[in-house]
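# Inside the fold
Read off the chains here:
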Amino acid sequence: MSDDTRFGNMLFEISIVIFFISACFGAIAVGLYVYCKFTMGKCGNSIGLSNKTILITGGNSGVGLEAVREFARRGARLILACRDVKKAREAIRDIQQQTGNIDIEVHEVDISSLASVEELVRQLTLSLKKIDVLCLHAGTGPVDSRQETSEGHEKTFATNHLGHFHLVQLLRPALNPGSRIIITTSMAHEYVRLDFENLQQHKAYNGVLCYARSKLMNVYFMRELAQRLLKDGITVNAQNPGLVHTSGLKNSSALGNWLSETLVAPVYAKTSWQGAQTLIHLATSDELDEVTGCLFRDCKPTRLNEIANDKRAPKKLWQYSEQLIRNTSRSETTP
Ligand SMILES: NC(=O)c1ccc[n+]([C@@H]2O[C@H](COP(=O)([O-])OP(=O)(O)OC[C@H]3O[C@@H](n4cnc5c(N)ncnc54)[C@H](OP(=O)(O)O)[C@@H]3O)[C@@H](O)[C@H]2O)c1
């Protein structure tokens, strides 16, 4: 066999291998796509929300904004607690035009700041008598390096957990039997455990770990709060929207961004509307009137893993958070 023929055969074999590898990747991508589209939950009810007041943090973009659009369409009175008020006002102008619901207010809050949370509640109590649904949805993704708020708290922890913890205590008087609290977590909570000696990552910082731990805190907070509010008839559940194509999916590395935009987002991620379905289901479904202390995904309750089900961690986190707030702010915590 001549060298040319051998070379030709080798090229042919390499092409076949490349073809099979590409076909395998293609099949996996199609399989994943089909699996994701078919297992995606959709809120099945069209229950109206007139006379209901919904307060949501993080309602000015992504998943939160789509939930707000649907709540407005169903006639709710809406209060958006947002950091970027200008962005929120533009978003609600659009929603008001689409839905005809003008009962939407925007209030400013930086949820990572306890002082800002207190100022928000001061403003709200002037006009707020009751909250039917409280959506604790704002959140920040992983960041590269450790940052602190002006009050000295690690920023991801303060945004994703502590601010909402404080908000619930301060809004407690507006919550009545039948009120619902919904906390947004993430599947990231499943892969970590808390280090109670280093809850704010003073030692070696890892942004992804810090984010995942803050999302585990969301689950612990949900469980402890559900217990404490059981006797008052207020339900507390958590929801994991799944992987959603929002600005929250942005990555700090160029390669990460490219991968998420070209592969993850089109194949695997949900749209914001799809990502909002579980939040809408939890806020509206009358089957859930008495369901509390559960984690939902794709509009269905889902089992907590062993770490998320830990018996003592929720109470320990509660006591730690309460102590931090006592040391930082002058407002009392109640429930
Ligand atoms: N996207 C996903 O795949 C995914 C998966 C699991 C869980 N989640 C969770 O879903 C929630 C919403 O995220 P998203 O994906 O919809 O991303 P997003 O569009 O970036 O939304 C994040 C929201 O949180 C608000 N926020 C962030 N920091 C804040 C602060 N300090 N004070 C007040 N508001 C603040 C943002 O407000 P500004 O616009 O004013 O910054 C924005 O409204 C987060 O809790 C996130 O952890 C998302």
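Residues numbered from 1 in each chain as written. Predicted model: local features only at pLDDT ≥ 70, side-chain atom pairs only at ≥ 80, totals over all residues.

### What about the overall build of the protein chain?
- When helices and strands are tallied, the protein chain shows 10 helices and eight strands.
- Dimensions of the protein chain along its principal axes, counting C-alpha atoms only, are 90 × 50 × 35 Å.
- Relative to its 335 residues, the protein chain shows a buried fraction of 41%.
- The contacts of the protein chain with a sequence gap of at least 6 include a subset with a gap of at least 24, amounting to 77%. (Helix = DSSP H or I, 4+ residues; strand = E, 2+ residues; numbered from the N terminus. Buried ≥ 20, exposed ≤ 12 C-beta atoms within 10 Å, placed from the backbone. Contact = placed C-beta atoms within 7 Å.)

### Regarding the domain arrangement of the protein chain
- Domain parsing of the protein chain yields domain 1 (1-39) and domain 2 (46-328).
- One C-alpha centre belongs to domain 1, the other to domain 2, and the line joining them spans 43 Å. (Domains from an automatic or database assignment.)

### Some points on the packing of helix α6 (residues 207-229) against helix α10 (residues 313-328)
- For the pair α6 and α10, interaxial distance at closest approach is 8 Å and the crossing angle is 95°. The pairing of α6 with α10 is recorded here as roughly perpendicular in orientation. Every residue of α10 that contacts α6 at Met 217, Tyr 220, Phe 221, Arg 223 and Glu 224 is listed here: Ala 313, Pro 314, Lys 315, Leu 317 and Trp 318.
- Partitioning the contact of α6 with α10 into residue classes produces seven nonpolar, no polar and three charged. (Axes fitted to C-alpha atoms, helices over the stretch in contact; angles between N-to-C directions. Parallel < 35°, antiparallel > 145°, perpendicular 65-115°, else oblique. Nonpolar A, V, L, I, M, F, W, Y, C, P; charged D, E, K, R; others polar.)

### As for the sheet that holds strand β7 (residues 295-297)
- If you walk across this open sheet you meet the eight strands as β3-β2-β1-β4-β5-β6-β7-β8, and the pairing is mixed. The open sheet has two edge strands with one neighbour each: β3 (104-108) and β8 (300-302). For this sheet, the mean angle separating the axes of adjacent strands, direction not counted, is 25°.
- Where strand β5 (residues 175-184) and strand β6 (residues 235-240) come together, five bridges link them in parallel fashion. The partner of Arg 180 across the bridge, within β6, is Thr 235.
- Packing of helix α5 (residues 155-171) onto the sheet brings it into contact with β1 (53-57), β4 (131-136) and β5, and relative to β4 it is tilted by some 170°.
- Helix-sheet contacts for helix α9 (residues 277-284) involve β1, β4, β5, β6 and β7, and the interaxial angle to β5 is about 170°. (Pairing = 2+ DSSP bridges.)

### Re α6
- In a regular helix each residue adds 1.5 Å, so 23 residues correspond to 33 Å; α6 covers 32 Å between its end C-alpha atoms and thus fits that length.
- With 18 of 23 residues buried, α6 lies mostly within the body of the structure. (Expected span 1.5 Å × (residues − 1).)

### As for the packing of helix α2 (residues 62-73) against helix α3 (residues 85-99)
- Remark: α2 packs on α3, axes separated minimally by 9 Å, with the N-to-C direction vectors making an angle of 35°. Here the hand of the crossing between α2 and α3 comes out right-handed. Across from Leu 65, Val 68, Arg 69, Ala 72 and Arg 73 in α2, the residues of α3 making contact are Ala 91, Ile 95 and Thr 99.
- Looking at the contact of α2 with α3 residue by residue, the class counts come to five nonpolar, one polar and two charged. (Left-handed = near helix turned anticlockwise from the far one by under 90°.)

### Structural notes on the pairing of strand β2 (residues 77-82)
- Counting buried residues in β2 gives six out of six residues, a clear majority hidden from the surface.
- Of the two faces of β2, both are covered, the one formed by Arg 77, Ile 79 and Ala 81 as well as the one formed by Leu 78, Leu 80 and Cys 82.
- As judged from the five bridges shared by β1 and β2, these two strands associate in the parallel manner. Paired with Ile 54 across the strands is Leu 78, a residue of β2.

### Focus on the nonpolar core
- Counting residues in each nonpolar core, the largest one holds 77 residues, and the members touching the most others are Leu 80 and Cys 135.
- Broken down by element, this core gets its largest block of residues, 12 residues, from α6.
- Excluding residues that lie within four positions of it along the chain, Leu 80 makes contacts with Ile 56, Gly 59, Asn 60, Val 68, Ala 88, Ile 92, Ile 104, Glu 105 and Val 106. (Core = buried A, V, L, I, M, F, W, Y, C linked by C-beta atoms within 7 Å.)

### Side note on the pairing of β1
- Where burial is concerned, most of β1 is hidden: four out of the five residues are buried.
- Where the polypeptide runs from β1 across α2 and back to β2, its parallel neighbour, the crossover connection is right-handed.
- Relative to β4, β1 runs parallel, the two sharing three bridges. Each bridged residue has a counterpart across the sheet, and for Ile 54 the counterpart in β4 is Val 133. (Right-handed = clockwise from strand over helix to strand, strands pointing away.)

### Points about the environment of Tyr 191
- With respect to the helices and strands, the residue Tyr 191 is situated in the loop between β5 and α6.
- Classification of Tyr 191 as partly exposed rests on a count of 14 C-beta atoms within 10 Å.
- As a C-alpha pair, Tyr 191 and Ala 27 span 164 residues in sequence and 27 Å in three-dimensional space.

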